[in-house]
2 protein chains.
Amino acid sequence: MGSTGGRRERLRAETTAEIKQVALRLMASGGPDAITLRAIAREMGMTANAIYGYFATRDDLVTTLINEVYTALADAVDTAWANAPAADPAHRIQTWARAFRDWALANPEGFRLIYGDPVPGYQAPEGGAAPDAAHRVCTGIAALADAAWPHAEHLYAHSDFQWPDFDGGLLSKVRPAFPDLPPAGVALALRIWGHLHGLVSLEIYGHLQTQTISPDKLFQEELTQLVRSLGIKPEG
Amino acid sequence: MGSTGGRRERLRAETTAEIKQVALRLMASGGPDAITLRAIAREMGMTANAIYGYFATRDDLVTTLINEVYTALADAVDTAWANAPAADPAHRIQTWARAFRDWALANPEGFRLIYGDPVPGYQAPEGGAAPDAAHRVCTGIAALADAAWPHAEHLYAHSDFQWPDFDGGLLSKVRPAFPDLPPAGVALALRIWGHLHGLVSLEIYGHLQTQTISPDKLFQEELTQLVRSLGIKPEG
DNA sequence: GCAGAAACTATACGCCGTGAAGTTTAAATA
DNA sequence: TATTTAAACTTCACGGCGTATAGTTTCTGC
């Protein structure tokens, strides 16, 4: 045995957790750029090289952080979705989208870490840094599309999407969860994702502020038009 | 005199141009991260510090580059818009959007430079790095909104946008160009910008590829739904 | 009690931006 | 033309970075 509960293993797990926690703290205060092995080590009273005992390389650490942060985002939007009443799809969809933006505004550096160029020379591993969390978020949006599909289906009669157009890992989550959603519905989900991502990312990166004083109002308008374009009447 | 045509001034202008050109070449081949003063100088057979005679700081150089690249993007989409027949708004809007995406796919590093975290510790100057080019692009999208406004207006009867909601610099370009476009139309333009930016930026940063095999088809669907949501019939 | 592994440090290399000081070169002036 | 001056550029230096190598301490299992 010795694989669990050993003193050494426990210390190791604690140190690993501390490294990640310090890295996230540095990121929150100084942006993704502030995630440097030397800064983390300094904060922990160690040498930078000591970290190599826990992460093979800086990029490995960053990938782990992306996973954790992306998972936190997925948790946030999943929770918002789960807590909104299923009987009111329009409200539920807007709640999801608002949770997405709220999380991004509360964790701008995390958003940059996930969706931007995280850290100077970082190279994501093949298949993406956090494919599971990404698929979770996409599945969340597929839930929006699924909720709206009965109302919106007629708008997509022309489209010729097929299952092979999409990633297998994504479909393995989406198809069992939403057996009635056709390929065109998944495409709709990805488009909605793009719409929301675009507005939020313009805002997070400061490009919206040079155009409008009220990104809030703009996003609210987006939500209104989103449910309208899905063929759902705004709640009320 | 001496302010133009002098030998010294000419050499200076040439060197400045070469610095920018080398920087852009480095960026195209190695990403924005590859824009380092030392690499540029190495390429030019100079010392890194020599560049300080032309740009006060690395961030100044980067800001200049962002301006040039952003201007190139604005030129590309403006040209596409100007060359598309005004009589077919749907086709013209799709042409603009396709030019936007095509430019991004052809210049992914430029897109990252403009819209992402360009370079390790880069801090954009106040007011944004390239406000003029940004406003030009937004004005281009305002043209899309203006072309569609007669068809789409009824969808925005509820909205309460006012002129003060928007940036003065943007409005100083948009309002003279499109005197019939109300504040809600500018909001529509920003939303369209967000939609397109989102899809393109997910694709450029590799987040779409882990979800779908055919970003092309997805974008085409976006264009179809865009003109439909604007109340314009797809051309045919 | 001791072998061995795990955790960690020390040193070093080559990258980076940038400041200070010194040198060459070309233009401006007298 | 001779001298001053300023621009262009180099050299050296500092502190930051990731990380490879080698050495040291400390804990664990036999």
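Residues numbered from 1 in each chain as written. Chains lettered and ligands numbered in written order. Predicted model: local features only at pLDDT ≥ 70, side-chain atom pairs only at ≥ 80, totals over all residues. Heavy atoms only, no water.

**Considering the protein's contact with DNA strand D**
Logical step 1: Taken together, 20 residues surround DNA strand D, and among them A:Arg38, A:Arg42, A:Asn49, B:Arg12 and B:Tyr54 come closest.
Logical step 2: Backbone atoms, meaning sugar plus phosphate, form 60% of the atoms of DNA strand D positioned within 4 Å of the protein.
Logical step 3: One of the backbone N or O atoms of A:Leu37 is found 2.9 Å from a phosphate oxygen in DNA strand D.
Logical step 4: Looking at the surface near DNA strand D, the elements that each hand over two or more residues are helix H1 (7-30) and helix H2 (37-44) of chain A together with helix H1 (7-30) of chain B.
Logical step 5: In terms of residues, the surface near DNA strand D owes the most to one element, H2(A), which gives 3 residues.
Logical step 6: Per-class residue counts for the surface near DNA strand D are 6 nonpolar, 6 polar and 8 charged. (Near = heavy atom within 4 Å. Polar contact = N/O pair within 3.5 Å; in protein donor to acceptor, adjacent residues only side chain to side chain. Helix = DSSP H or I, 4+ residues; strand = E, 2+ residues; numbered from the N terminus. Nonpolar A, V, L, I, M, F, W, Y, C, P; charged D, E, K, R; others polar.)

**Here's the deal with the interface of chain A and chain B**
Logical step 1: Listed as interface residues are 50 residues of chain A and, on the opposing side, 50 residues of chain B.
Logical step 2: Overall, the association of chain A and chain B removes approximately 4400 Å² of surface from exposure, summing both partners, and the carbon and sulfur fraction of that is 55%.
Logical step 3: Area buried by chain A at its contact with chain B is led by A:Asp117, A:Arg191 and A:Gln211, which between them contribute 16% of it.
Logical step 4: Across the contact surface, chain A and chain B share 6 salt bridges.
Logical step 5: Ionic pairing is found between B:Glu222 and A:Arg191, a salt bridge with its closest N-O pair at 2.6 Å.
Logical step 6: Our count for the contact surface shared by chain A and chain B stands at 26 residue pairs in polar contact (both at pLDDT 80 or more).
Logical step 7: Elements with a contribution of two residues or more to the side of chain A that touches chain B: helix H5 (108-115), helix H6 (131-152), helix H8 (183-204) and helix H9 (215-229) of chain A.
Logical step 8: Here the side of chain A that touches chain B is built from residues that sort into 20 nonpolar, 19 polar and 11 charged. (Contact = heavy atoms within 4.5 Å. Buried area = accessible area lost by both parts, 1.4 Å probe. Salt bridge = Lys/Arg side-chain N within 4 Å of Asp/Glu carboxyl O.)

**Details of H9(A)**
Logical step 1: Relative to the 21 Å expected for 15 residues at 1.5 Å per residue, H9(A) spans 20 Å between its end C-alpha atoms, a close match to the ideal helical length.
Logical step 2: Those residues of H9(A) that sit buried are A:Pro215, A:Leu218, A:Phe219, A:Glu221, A:Glu222, A:Leu223, A:Thr224, A:Gln225, A:Leu226 and A:Val227.
Logical step 3: On its buried face, H9(A) sits against helix H4 (89-106) and H8 of chain A together with helix H8 (183-204) of chain B.
Logical step 4: Following H9(A) by one or two positions, A:Gly231 adopts a phi angle in the positive range, close to 85 degrees. (Expected span 1.5 Å × (residues − 1). Buried < 20%, exposed > 50% of the residue type's maximum accessible area, 1.4 Å probe, protein only.)

**Remarks on the relation of the copies chain A and chain B**
Logical step 1: In screw terms, the move from chain A to chain B is a rotation of 180 degrees and a rise of 0.0 Å along the axis, fitting with an RMSD of 0.0 Å. Within this description, the copies of the chain are treated as partners about a two-fold rotation axis. Among all C-alpha atoms of chain A, that of A:Gly198 lies closest to the rotation axis, at 1.6 Å.
Logical step 2: Comparing interface residues between copies, 100% of those in chain A also lie at the interface in chain B; the contact surface is shared. (Least-squares fit on C-alpha atoms with pLDDT ≥ 70 in both.)

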